Amino acid sequence: MRSVARGRPPASSRETLADAASELFLEQGYEATAVTDITSRAGVSRSSFFNYFDGKAATIWYALDEHLDDFAHRSAVGEASLEAVAAALGAAPPHTLALAIANAEAMGVGAELGAGRALRQARLAAVLADQLGARGAHGDDALAIETLAAAQAAAVCAAIWSWATRGAGTHRLDAEIQRAVSLIPGARRAAAAPLRVAVIGTGAIGSRVVAELAAGRIAGVTLAGVVTRREGQLAEALAQIAASGDAGAGGASADGGSGCGAGAPAITDFGDDLARAVAASDLVVECAGIAAARVAGPVVVAAGRDFFAVSVGALAETDVRAALLRGPGALLLASGAIGGLDLLASAARAGGIPGGITRASITSTKQAGALVQPWMQAGEAARVRRATEAFTLFEGGVEEAVAQFPGSLNVACALAQATGLWGDVRVRLVADPAAERTTHVIEADGAAGRYRFELTNAVAEANPTSSAVVAESVLRGIAEWARPSGSFR
Ligand SMILES: NC(=O)C1=CN([C@@H]2O[C@H](COP(=O)(O)OP(=O)(O)OC[C@H]3O[C@@H](n4cnc5c(N)ncnc54)[C@H](OP(=O)(O)O)[C@@H]3O)[C@@H](O)[C@H]2O)C=CC1
Ligand SMILES: O=C([O-])CC(=O)C(=O)O
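Fair warning: this is a prediction, and the values are worked out from it, not measured in the lab.

### Points about the pairing of strand 12 (residues 438-446)
A regular strand places its side chains on the two faces of the sheet in alternate fashion. By the criterion of burial, strand 12 is predominantly enclosed, with seven of the nine residues buried. Summarising the sheet, strand 9 (residues 359-367) and strand 12 pair through seven bridges and their orientation is antiparallel. The partner of Arg359 across the bridge, within strand 12, is Asp445. Strand direction decides the pairing type here: strand 12 and strand 13 (residues 449-457), joined by nine bridges, are antiparallel. In the sheet register, Thr439 faces strand 13, and the bridge partner there is Thr456.

What follows is the structure, encoded as structure tokens:
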């Protein structure tokens, strides 16, 4: 398959020949084009042509073949990974192949592309199978190794074809390959590769999540980086983590900076470049609020990455909910500050017990001062801030609840999602000046049973609106997604 001879003349002549070949295939068709036509068009001798290519087909394939040669070589000495091959293809894409794919009919090159693709896919699969075997994750399970390698090779080829068909210059080939590979169900787990997690938001919840991931305390997970919305946000969070004595990430630095300690990890700051975060991760975890989740979530799942939302309130808008559930990426929801959602979802399961759950309500009682909202008139804000006894601040449906208290009533949407009663869940928010903890009382009933959960949570030190356990629910969710094992479903 190798088309490039050793001791060859400068690469520019090779590209000139390949370009001349592409032009001629377009003008007069692949079949009608002879090597002599190509050499005359390029002004290069026939013998020079054969220094580079073993025939006219190689002018289409040479760039991809070089990548495959390099991958096979590196793989044999234990240096290569699928990520590395994607990055190499992204840095030096096979342009004449892209041209042939995009103009297959006009060039009459369909048969060559079909046969050539099959050969390269098989070759790549063989190298990937060797790699998987050497990694030892599957013991001597040849069926698992061959199947996974074949799927990965097919994904790479599908990505090249999709990239070329959509317009090679308009988007990156490496991103297309990463997306294609991520679409293989279970591939990451089967390959025993770590789950790469990007985190959006570095507040009370996000910084705890970042601290744990950066310190490598969740098995099978690596922190790909953090999405921020303003300069200095990550550095502030890291300083806070360090001050709180949360060891591990305390010595980390933003964006490959010098770090605060020897060997401290550098955390990538993606800034607001969500596309970069998506390309570099398998799972994007939102800890940034409903507004951020509404925007980021649909982008992440549409790109074939999985999205883990703590701001479940994003689902209150019907079209956002539909976009989040559309896939191909999966949507994960944090149980957050409440529990019993698994039981309620089972009781309400469509096709299960008829009328399983027909009524559901939640009453949340929070520290009054934490419930002041930017939209409140000065008088109302003062009433909440200066309250001397508990009072009902809000009563209504879930949509209204998260519109008015976006950082405080995600739990209501979690209840609505679990029971499917989006239009019917009743929500009450109590502002209590004496509440040191947050209490949620959930009541639900129907043919499946009658349920009442009362949950009283310590609040997060950095944000009295959020319960401290929420960050732990996110960390548990990430750990379970990386290595599902013994969890309640
Ligand atoms: N499901 C549940 O039970 C619960 C869900 N939640 C949800 O979790 C969210 C986070 O909670 P918490 O950590 O306590 O809130 P914080 O206010 O402490 O932190 C929010 C963080 O997100 C950042 N942020 C906001 N928008 C963006 C964006 N577009 N891109 C990147 N970063 C952004 C903020 O940056 P900046 O510093 O600039 O403000 C801040 O760092 C809440 O808003 C709520 O929606 C909370 C509690 C319970
Ligand atoms: O943390 C909590 O107790 C609940 C909360 O803020 C939310 O649901 O948004």
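### Structural notes on the site of ligand 2
Taken together, the neighbourhood of ligand 2 is formed by 13 residues, with Lys366, Asn410, Val411, His440 and Ser467 sitting nearest. Gly407 places a polar main-chain atom, nitrogen or oxygen, 3.1 Å from an oxygen atom of ligand 2. Val411 is positioned such that a nitrogen or oxygen atom in its backbone is 2.9 Å from an oxygen atom of ligand 2. For ligand 2, whose unbound accessible area comes to 270 Å², protein coverage reaches 94%. With respect to the pocket detection grid, ligand 2 is positioned in the largest pocket. Here the element with the most residues in the shell around ligand 2 is strand 15 (residues 463-467); it accounts for three residues. In terms of residue class, the shell around ligand 2 is made up of four nonpolar, eight polar and one charged.

### A short note on empty space enclosed by the protein
Empty space among the atoms becomes visible once a probe the size of a water molecule is rolled across them. What the rule picks out here adds up to one cavity of 30 Å³ or more. Here the largest cavity is characterised by a volume of approximately 50 Å³. In this structure, the largest cavity is lined by Leu64, Leu68, Val85, Leu89, Arg120, Leu124, Val156, Cys157 and Ile160.

### Concerning the site of ligand 1
Taken together, 26 residues surround ligand 1, and among them Arg229, Arg230, Ser311, Asn463 and Ser466 come closest. A distance of 2.9 Å separates an oxygen atom of ligand 1 from a polar backbone atom of Ala204. Here an oxygen atom of ligand 1 and a backbone polar atom of Ile205 are 2.9 Å apart. Surface burial for ligand 1 is 80%, taken as the share of its 930 Å² of free accessible area covered by protein chains. For ligand 1, the cavity whose grid points lie within 2 Å of the majority of its atoms is the largest pocket. Going through the elements one at a time, helix 12 (204-214), helix 15 (290-302), helix 20 (410-419) and strand 15 are the ones with two or more residues in the shell around ligand 1. Split into classes, the residues belonging to the shell around ligand 1 amount to 13 nonpolar, 11 polar and two charged. In this structure, the shell around ligand 1 is formed jointly by two domains, domain 2 (195-333 + 476-482) and domain 3 (341-457), each of which donates at least three residues.

### Concerning the UniProt feature "binding site: NAD(+)" (unreviewed entry) in the protein chain
As annotated by UniProt and renumbered to match this structure, "binding site: NAD(+)" (unreviewed entry) occupies Ala337 and Asn410. With the annotated positions falling across 74 residues, the maximum pairwise C-alpha distance of 8.9 Å places them together in a single cluster. Filtering the just-named annotated residues for those lining the largest pocket gives Ala337 and Asn410. Its place among the elements puts Ala337 in the loop between strand 8 (331-333) and helix 17 (341-347). Ala337 gets classed as buried once you look at its relative accessible area, which sits at 11%. Those residues within four positions of Ala337 in sequence are excluded, and the remaining contacts are Val411, His440, Asn457, Ser467, Val469 and Val470. One can find Asn410 in helix 20. For Asn410, a relative accessible area of 15% corresponds to the buried category. Discounting chain neighbours no more than four positions away, the residues touching Asn410 are Ile290, Val310, Ser311, Val312, Gly313 and Val402. A polar atom in the side chain of Asn410 sits 3.2 Å from the backbone nitrogen of Val312.

How each quantity is defined
Residues numbered from 1 in each chain as written. Chains lettered and ligands numbered in written order. Predicted model: local features only at pLDDT ≥ 70, side-chain atom pairs only at ≥ 80, totals over all residues. Heavy atoms only, no water. Buried < 20%, exposed > 50% of the residue type's maximum accessible area, 1.4 Å probe, protein only. Helix = DSSP H or I, 4+ residues; strand = E, 2+ residues; numbered from the N terminus. Pairing = 2+ DSSP bridges. Near = heavy atom within 4 Å. Polar contact = N/O pair within 3.5 Å; in protein donor to acceptor, adjacent residues only side chain to side chain. Areas by Shrake-Rupley, 256 points an atom, 1.4 Å probe, with all protein chains shown as cover. 1 Å grid on protein atoms, 1.4 Å probe; cavity = no way out; pocket = protein on both sides within 12 Å on 5 of 7 lines; lining within 4 Å. Sits in = over half its atoms within 2 Å of the grid points. Nonpolar A, V, L, I, M, F, W, Y, C, P; charged D, E, K, R; others polar. Points joined across faces, edges and corners; volume = space filled by probe spheres on them. Domains from an automatic or database assignment. UniProt positions renumbered as here; feature names shortened; annotations may be inferred. Contact = heavy atoms within 4.5 Å.

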